[in-house]
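A structural walkthrough
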Amino acid sequence: MRRALELARLGDATPGANGIGCVIVRNGVMLAESHNECGIRHDPTAHAEMVAIRRACEALAADDLRGATLYSTLQPCGMCTMALLWAKLSRVVYGAKRGQVHEMYFEDRNLDTIDFICDAYRDDLSVTGGVLALECAGFYVPAGAPLPEAEKVNL
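About the thresholds
Residues numbered from 1 in each chain as written. Predicted model: local features only at pLDDT ≥ 70, side-chain atom pairs only at ≥ 80, totals over all residues. Heavy atoms only, no water. Helix = DSSP H or I, 4+ residues; strand = E, 2+ residues; numbered from the N terminus. Expected span 1.5 Å × (residues − 1). Buried < 20%, exposed > 50% of the residue type's maximum accessible area, 1.4 Å probe, protein only. Contact = heavy atoms within 4.5 Å. Salt bridge = Lys/Arg side-chain N within 4 Å of Asp/Glu carboxyl O. pLDDT = per-residue confidence, 0-100. Phe/Tyr/Trp six-rings, centres within 6.5 Å; stacked < 30°, edge-to-face > 60°. Disulfide = S-S within 2.5 Å. Core = buried A, V, L, I, M, F, W, Y, C linked by side-chain atoms within 4.5 Å. Pairing = 2+ DSSP bridges. Axes fitted to C-alpha atoms, helices over the stretch in contact; angles between N-to-C directions.

**Structural notes on helix H3 (residues 48–60)**
The end-to-end C-alpha distance of H3 is 18 Å, a good match for the 18 Å that 13 residues give at a rise of 1.5 Å each. Of all the residues in H3, the buried ones are Ala48, Glu49, Met50, Val51, Ala52, Ile53, Ala56 and Cys57. Looking at the buried residues of H3, the elements they touch are strand E1 (18–26), strand E2 (29–36), helix H2 (38–41), strand E3 (68–74) and helix H4 (78–86). Within two residues after H3, Ala61 carries a phi angle of roughly 50 degrees, on the positive side.

**Here's the deal with the pattern of salt bridges**
Summed over the entire model, instances satisfying the criterion amount to eight salt bridges. Across the salt bridge formed by Glu37 and Arg55, the nearest N and O atoms sit 3.0 Å from each other. On the criterion of sequence distance, the pair formed by Glu37 in the loop between E2 and H2 and Arg55 in helix H3 is long-range, its members being 18 residues apart. On the basis of relative accessible area, Arg55 is assigned to the partly exposed category, the value being 32%.

**Here we look at the environment of Leu7**
Relative to the helices and strands, Leu7 is located in helix H1 (residues 2–13). Taking C-alpha positions, Leu7 is 15 Å from Leu31, a pair spaced 24 residues apart along the chain. Ignoring any residue separated from it by four or fewer positions in sequence, one finds Leu7 in contact with Gly21, Cys22, Val23, Glu33, Ser34 and His35.

**A short note on the confidence of the model for the protein**
For the protein, mean pLDDT is 89; residues scoring 70 or higher make up 92% of the total. Per-element confidence in the protein is highest for H3, whose mean pLDDT is 98, and lowest for helix H5 (residues 113–118), whose mean pLDDT is 79.

**Some remarks on the packing of aromatic side chains**
Counted according to the given criterion, the structure contains one aromatic pair. Between Phe139 and Tyr140, the ring centres sit 6.3 Å apart and the planes meet at 55 degrees, which makes this aromatic pair tilted. Taking relative accessible area as the criterion, Tyr140 reaches 7% and is therefore assigned buried.

**Side note on the state of the cysteines**
Inspection of the entire model under this criterion finds zero disulfides. Unpaired in this structure, Cys77 has its nearest cysteine sulfur neighbour in Cys80, at a distance of 3.7 Å.

**Looking at the nonpolar core**
One finds Ile24, Ile53, Leu65 and Leu89 to be the most contacted residues of the largest nonpolar core, which totals 41 residues. Broken down by element, the residue count for this core peaks at six residues, all from H3. Apart from residues lying up to four places away in sequence, Ile24 is in contact with Val29, Met30, Leu31, Ala32, Ala52, Ile53, Ala56, Ala68, Thr69, Leu70 and Leu89.

**Some remarks on the sheet that holds E3**
Spatial ordering of the open sheet is given by E2-E1-E3-E4-E5, a layout of five strands whose pairing is mixed. The open sheet has two free edges, formed respectively by E2 and strand E5 (126–128), since each of these has just one partner strand. For this sheet the average axis-to-axis angle between neighbouring strands, irrespective of direction, equals 15 degrees. Of the pairings in the sheet, the one linking E1 to E2 comprises seven bridges and is antiparallel in character. Bridge assignment links Arg26 to a residue of E2, and that residue is Val29. Taken strand by strand, H1 contacts E1, E2 and E3, and its axis lies near 150 degrees from that of E1.

**Quick notes on the side chain of Thr81**
Within the secondary structure layout, Thr81 lies in helix H4. The residues contacting Thr81, other than those within four sequence positions of it, are Pro76, Thr113, Phe116 and Ile117.

In C-alpha cells form, the structure reads like this:
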C-alpha cells in the first residue's frame, strides 16, 4: 500500500492524471503499477486499477492473475471491480472506503462495489478495506463536501 500511496502522490502532481494509486503483486514480485491516467490517455477507462491490470496481463502474456493481490488507495469503482473479477485476481486490498470520500467517485447511490467482490462466484477471492485509510483518504474530496457542479466528475 505504501507504493500505491507513492503512485497516488505522483498522479496528483501529474497533469492529466490524479491521485489514485494501484499496485499488483504476486509471490512478492510487483507485476504492475499505475495511477489514474484518464486525462493523459483521453480514456475514461484508464483508472489506476484498469491500467495496472492491463500492464500485469501484458507482462505475463496472460489474462489470468490468480494468486495476485491488487492494492489500491481507494475502494475500486464498479468498472474496476468487474475487471478485477474477470482478471481472476485473488485478493483486493484498498485504503479509503466509499463512506470516507465524496459520492462522485462511485456510480451508484446504494450499490457498494465490495458487494460484487463478496458475492462473486469465487471462493478464492478475499478483500480487505481500510488499510492506511486516513492517509489514502487525504487524496480525495471528503464525503459530503460541497463542490461546484463542474468539479463533480462522475455526477
